[in-house]
Amino acid sequence: MASTSEVGHAKNIANLNLLNTHIAALGGIYQPSNNLLELSNLQEVYNSAYIEQQAVNTNLAPYTIAVDDREAIFSPLSRQLTKLRKAYKSTKDVKQPQMEDFMTIVRKLKGKKKYQKPAESTDSAADEINHSVSQLSYDQRTNNMDPLISLLENTPNYNPNEEEYKIPTWTNRKALMLRTTQRVADTFIPLNKARGRRNTIVYNREDNLVDLANAAKDYLFSILDVDSVDYKAIARIKFKKR
């Protein structure tokens with residue numbers, strides 16, 4: 001599913017283009033003393049931000065698909081393990097100590113709670129930390145497939161007829177878990193770099209898009225009549241920091 005967290009960023013960028021259009025239509029009356037508010041500079045800021053937002057958009061799709069693919073593998077795991085427990089418990093000569101070992105592994109595989117993705121920030125370093133925490137939780141769960149498979153392999157009478165409980169099925173599932181978690185890690189790197197470049201222009205550098213746009217609006221309000229069509233149209237153009 002596509003992320004909705006990019007909408008606010010793209011809106012800020014699109015709104016600068018709209019503001020620039022209004023400024024261009026005003027012609028010679030727009031003469032700010034601050035050279036950073038000149039239309040040529042505002043247009044350059046817009047162009048740079050637009051390019052970086054396009055880079056984000058390009059890298060977002062592969063990452064989103066990778067996350068969805070990972071979820072498709074991990075989401076049914078709890079139910080699959082519950083069914084496997086019943087199959088394991090029904091195996092001939094499986095005793096209570098083996099069941100306790102089985103459940104210890106299962107608890108680690110299920111995880112304590114579902115990971116909730118934090119809201120994207122404008123700090124790429126913070127996003128990197130959040131991603132690493134999430135990635136580690138999936139990596140740990142994947143690693144816990146090894147003791148589960150080993151336990152099944154070393155249980156003498158464990159030889160189910162059902163395909164979903166067979167050891168090769170669980171070996172293949174672990175391989176899928178490895179591939180999907182790695183794909184998320186691989187696709188996050190270029191996306192986070194693109195977001196970082198975009199965020200620098202729009203929010204974080206001294207002459208960032210949001211601050212410049214709001215300063216340009218303040219100047220415009222000083223030269224336009226409050227009852228004019230232009231004033232009212234420009235007042236509706238919003239720029240917000242996340």
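Model, not experiment: these values are computed from the prediction. (Residues numbered from 1 in each chain as written. Predicted model: local features only at pLDDT ≥ 70, side-chain atom pairs only at ≥ 80, totals over all residues. Heavy atoms only, no water.)

Let us now look at the overall build of the protein. Across its full length, the protein holds nine helices and zero strands. Starting at the N terminus and ending at the C terminus, the protein contains elements arranged as α-α-α-α-α-α-α-α-α. Buried positions account for 41% of the 242 residues belonging to the protein. The long-range share in the protein, meaning contacts at least 24 apart out of those at least 6 apart in sequence, stands at 79%. Counting every atom, the protein has about 13,500 Å² of accessible surface; 52% of that belongs to carbon and sulfur. (Helix = DSSP H or I, 4+ residues; strand = E, 2+ residues; numbered from the N terminus. Buried < 20%, exposed > 50% of the residue type's maximum accessible area, 1.4 Å probe, protein only. Contact = heavy atoms within 4.5 Å. Areas by Shrake-Rupley, 256 points an atom, 1.4 Å probe, with all protein chains shown as cover.)

Looking now at the packing of aromatic side chains. Throughout the structure, instances matching the rule amount to seven aromatic pairs. Judged by centre distance (5.3 Å) and plane angle (75°), the ring pair of tyrosine 30 and tyrosine 219 falls under edge-to-face. In this pair, tyrosine 30 is assigned in the loop between helix H1 (7-26) and helix H2 (39-74) and tyrosine 219 in helix H8 (residues 209-223), connecting sequence segments 189 residues apart. Neither residue differs from the other here; tyrosine 30 and tyrosine 219 are each classed as buried. Ring geometry for phenylalanine 221 and tyrosine 231: centres 4.5 Å apart, planes at 35°, overall tilted. (Phe/Tyr/Trp six-rings, centres within 6.5 Å; stacked < 30°, edge-to-face > 60°.)

Moving on, we get to the nonpolar core. Nonpolar side chains in soluble globular proteins tend to end up buried together. Ranked by internal contacts, the top residues of the largest apolar core, which has 26 residues, are Leu16, Leu19, Tyr30, Val202, Leu209, Leu220 and Phe239. Looking at this core, the elements that each hand over two or more residues are H1, H2, helix H7 (167-204), H8 and helix H9 (229-235). For this core, the element with the highest residue contribution is H8, accounting for seven residues. Discounting chain neighbours no more than four positions away, the residues touching tyrosine 30 are Ile23, Leu37, Glu38, Leu39, Leu42, Ala216, Tyr219, Leu220 and Ile223. In terms of nonpolar packing, the next biggest core, distinct from the first, is built from 24 residues, Leu81, Ile105, Leu148 and Met177 among them. (Core = buried A, V, L, I, M, F, W, Y, C linked by side-chain atoms within 4.5 Å.)

Glancing now at the packing of helix H3 (residues 77-89) against helix H4 (residues 96-110). In the contact formed by H3 and H4, the axes pass within 10 Å of each other and the chain directions differ by 175°. Between H3 and H4, the angle falls in the class roughly antiparallel. Residues Leu77, Ser78, Leu81, Thr82, Leu84, Arg85, Tyr88 and Lys89 of H3 form the contact with H4, whose participating residues are Gln98, Met99, Phe102, Met103, Val106, Leu109 and Lys110. Classifying every residue of the contact of H3 with H4 by side-chain character gives nine nonpolar, three polar and three charged. (Axes fitted to C-alpha atoms, helices over the stretch in contact; angles between N-to-C directions. Parallel < 35°, antiparallel > 145°, perpendicular 65-115°, else oblique. Nonpolar A, V, L, I, M, F, W, Y, C, P; charged D, E, K, R; others polar.)

Turning our eyes to something else, we now look at the confidence of the model for the protein. Mean pLDDT over the protein: 90, with 88% of residues reaching 70 or higher. The secondary-structure element of the protein with the lowest mean pLDDT is helix H5 (residues 124-143), recorded at 72, while H8 shows the highest, at 98. (pLDDT = per-residue confidence, 0-100.)

Attention now moves to the pattern of salt bridges. A full pass over the atoms with the stated rule returns five salt bridges. Arginine 197 is the salt-bridge partner of glutamate 52, the closest N and O atoms lying 2.9 Å from each other. Placement of glutamate 52 in helix H2 and of arginine 197 in helix H7 is noted, with a sequence separation of 145 residues between them. Given the relative accessible area of 17%, glutamate 52 is considered buried. Glutamate 164 is the partner of lysine 83 in a salt bridge, and the nearest nitrogen-oxygen pair spans 3.2 Å. Separated by 81 residues along the polypeptide, lysine 83 in helix H3 and glutamate 164 in the loop between helix H6 (145-153) and H7 bring together distant segments of the chain. Overall, lysine 83 belongs to the partly exposed group, its relative accessible area being 30%. (Salt bridge = Lys/Arg side-chain N within 4 Å of Asp/Glu carboxyl O.)

Relative to the helices and strands, lysine 174 is located in helix H7. Residue lysine 174 is classed as buried on the basis of its relative accessible area of 16%. Here the side chain of lysine 174 touches aspartate 146 through a polar contact of 2.6 Å, side chain to side chain. Setting aside residues no more than four positions away along its own chain, lysine 174 makes contact with Thr142, Met145, Asp146 and Ile149. (Polar contact = N/O pair within 3.5 Å; in protein donor to acceptor, adjacent residues only side chain to side chain.)

As a further point, take unusual backbone geometry. The backbone of aspartate 93 sits at a positive phi, close to 70°, despite the residue not being glycine. Mapped onto the secondary structure, aspartate 93 falls in the loop between H3 and H4.

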